[in-house]
Amino acid sequence: GAVVSQHPSWVICKSGTSVKIECRSLDFQATTMFWYRQFPKQSLMLMATSNEGSKATYEQGVEKDKFLINHASLTLSTLTVTSAHPEDSSFYICSARDWGTGELFFGEGSRLTVL
Amino acid sequence: QKEVEQNSGPLSVPEGAIASLNCTYSDRGSQSFFWYRQYSGKSPELIMFIYSNGDKEDGRFTAQLNKASQYVSLLIRDSQPSDSATYLCAVRVQGAQKLVFGQGTRLTINP
């Protein structure tokens, strides 16, 4: 089946630094990708919808200047957590929609720990 | 009221029995309904999707949709310990691309 790859799968950083997470669709083109955040024992919370070639659409309460999203190609979207703080520690998951079939596939997730 | 609601559990079911997972949604314009399974520390994986009222079967899994009652369920027959996971219900509203997830039900299958 289709594969969505996220990198890195886990990252530890110091408070105040920025971290970039990549989401790639490996064998299909994705005009739309979604970024979710999941805290322990909680559900997935949609952060933003990333559209290729245009600005991302952020959900209410998500700071667009803190969580920078770039979707520069049909196979790659990136999420940059700027000036990370311990409360940003979470499991970040991307998903990508195959523009041909409409199916949605999830990446493996990236666990961020901010010290 | 949350858009998609699930009983967080935990739900314990003996091995071999039927596990029944329920989900309600608030938006009558919802068109597509999905069940995902998520193991601890992993990302969700799609089990089934359903668009039309009624039942949809795939192996040991049956999804049931009742749009009038705004209710969707997942039945797992012959439950196995490997079915122990959190099950997420997700809903897509007509005209929208995003999925809205419920809080998930933690299922434990006891050997």
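A brief report on the enclosed structure follows. Only a predicted model underlies this, so the values are computations on that prediction, with no experimental measurement involved. (Residues numbered from 1 in each chain as written. Chains lettered and ligands numbered in written order. Predicted model: local features only at pLDDT ≥ 70, side-chain atom pairs only at ≥ 80, totals over all residues. Heavy atoms only, no water.)

Moving on to the state of the cysteines. Within this structure, the stated rule accounts for two disulfides over all chains. Through a disulfide, C23 of chain A is tied to C94 of chain A; the S-S separation comes to 1.9 Å. Here the S-S torsion is close to 75 degrees, and the disulfide linking C23 of chain A with C94 of chain A is therefore right-handed. Here C23 of chain A is found in strand β3 (residues 19-25), whereas its partner C94 of chain A is found in strand β9 (residues 90-98), with 71 residues between them in sequence. The residue that forms a disulfide with C23 of chain B is C89 of chain B, at a sulfur-sulfur distance of 2.1 Å. Its S-S torsion of about -70 degrees marks the bond between C23 of chain B and C89 of chain B as left-handed, since a negative value means left-handed. Residue C23 of chain B is found in strand β3 (residues 19-25), and its partner C89 of chain B is found in strand β9 (residues 85-93); the two are separated by 66 residues along the sequence. The buried category is assigned to C23 of chain B, whose relative accessible area is 0%. On the basis of relative accessible area, C89 of chain B is assigned to the buried category, the value being 0%. (Disulfide = S-S within 2.5 Å. Helix = DSSP H or I, 4+ residues; strand = E, 2+ residues; numbered from the N terminus. Buried < 20%, exposed > 50% of the residue type's maximum accessible area, 1.4 Å probe, protein only.)

In total, this model carries eleven aromatic pairs over all chains according to the counting rule given. Plain terms: the ring middles of F106 of chain A and Y36 of chain B are 5.2 Å apart, the flat faces sit at 85 degrees to each other, and that makes the pair edge-to-face. With F106 of chain A in strand β10 (residues 104-106) and Y36 of chain B in strand β4 (residues 30-38), the pair connects residues from two separate chains. Judged by its relative accessible area of 11%, F106 of chain A is buried. Overall, Y36 of chain B belongs to the buried group, its relative accessible area being 1%. Taken together, Y36 and F106 of chain A together with F34, Y36, F49, Y51 and F101 of chain B form an aromatic cluster joined through their ring pairs. The cationic tip of K66 of chain A hangs over the ring face of F67 of chain A; the distance from NZ or CZ to the ring centre is 6.0 Å. In this structure, R60 of chain B packs its charged tip against the face of F61 of chain B, placed 5.5 Å from the ring centre. (Phe/Tyr/Trp six-rings, centres within 6.5 Å; stacked < 30°, edge-to-face > 60°. Lys NZ or Arg CZ within 6 Å of the ring centre and 35° of its normal.)

A separate point is the sheet that holds strand β8 (residues 71-76) of chain B. Residues and elements named next belong to chain B. Overall, antiparallel pairing links the five strands, which are arranged β1-β3-β8-β7-β6 in an open sheet. In the strand order of this sheet, the two ends are held by β1 (4-6) and β6 (54-58), each with one partner. Along the sheet, successive strands turn relative to each other by an average axial angle of 20 degrees, direction set aside. (Pairing = 2+ DSSP bridges. Axes fitted to C-alpha atoms, helices over the stretch in contact; angles between N-to-C directions.)

Next up on the list: the interface of chain B and chain A. How big an interface is tends to be stated in terms of the accessible area lost upon association of its parts. Contact residues are listed per partner, giving 14 residues for chain B and 19 residues for chain A. For the pair chain B and chain A, the two sides together bury roughly 1,200 Å², of which 51% comes from carbon and sulfur. If you sort the residues of chain B by the area they bury against chain A, Q97, K98 and F101 of chain B come out on top, with a joint share of 38%. Scanning the region where chain B abuts chain A turns up one salt bridge. Between E59 of chain A and K98 of chain B there is a salt bridge whose closest N-O contact spans 3.0 Å. On inspection of chain B and its partner chain A, the count reaches four residue pairs in polar contact (both at pLDDT 80 or more). Listing elements by their share of the side of chain B that touches chain A, those giving two or more residues are β4 and β9 of chain B. Split into classes, the residues belonging to the side of chain B that touches chain A amount to five nonpolar, six polar and three charged. (Contact = heavy atoms within 4.5 Å. Buried area = accessible area lost by both parts, 1.4 Å probe. Salt bridge = Lys/Arg side-chain N within 4 Å of Asp/Glu carboxyl O. Polar contact = N/O pair within 3.5 Å; in protein donor to acceptor, adjacent residues only side chain to side chain. Nonpolar A, V, L, I, M, F, W, Y, C, P; charged D, E, K, R; others polar.)

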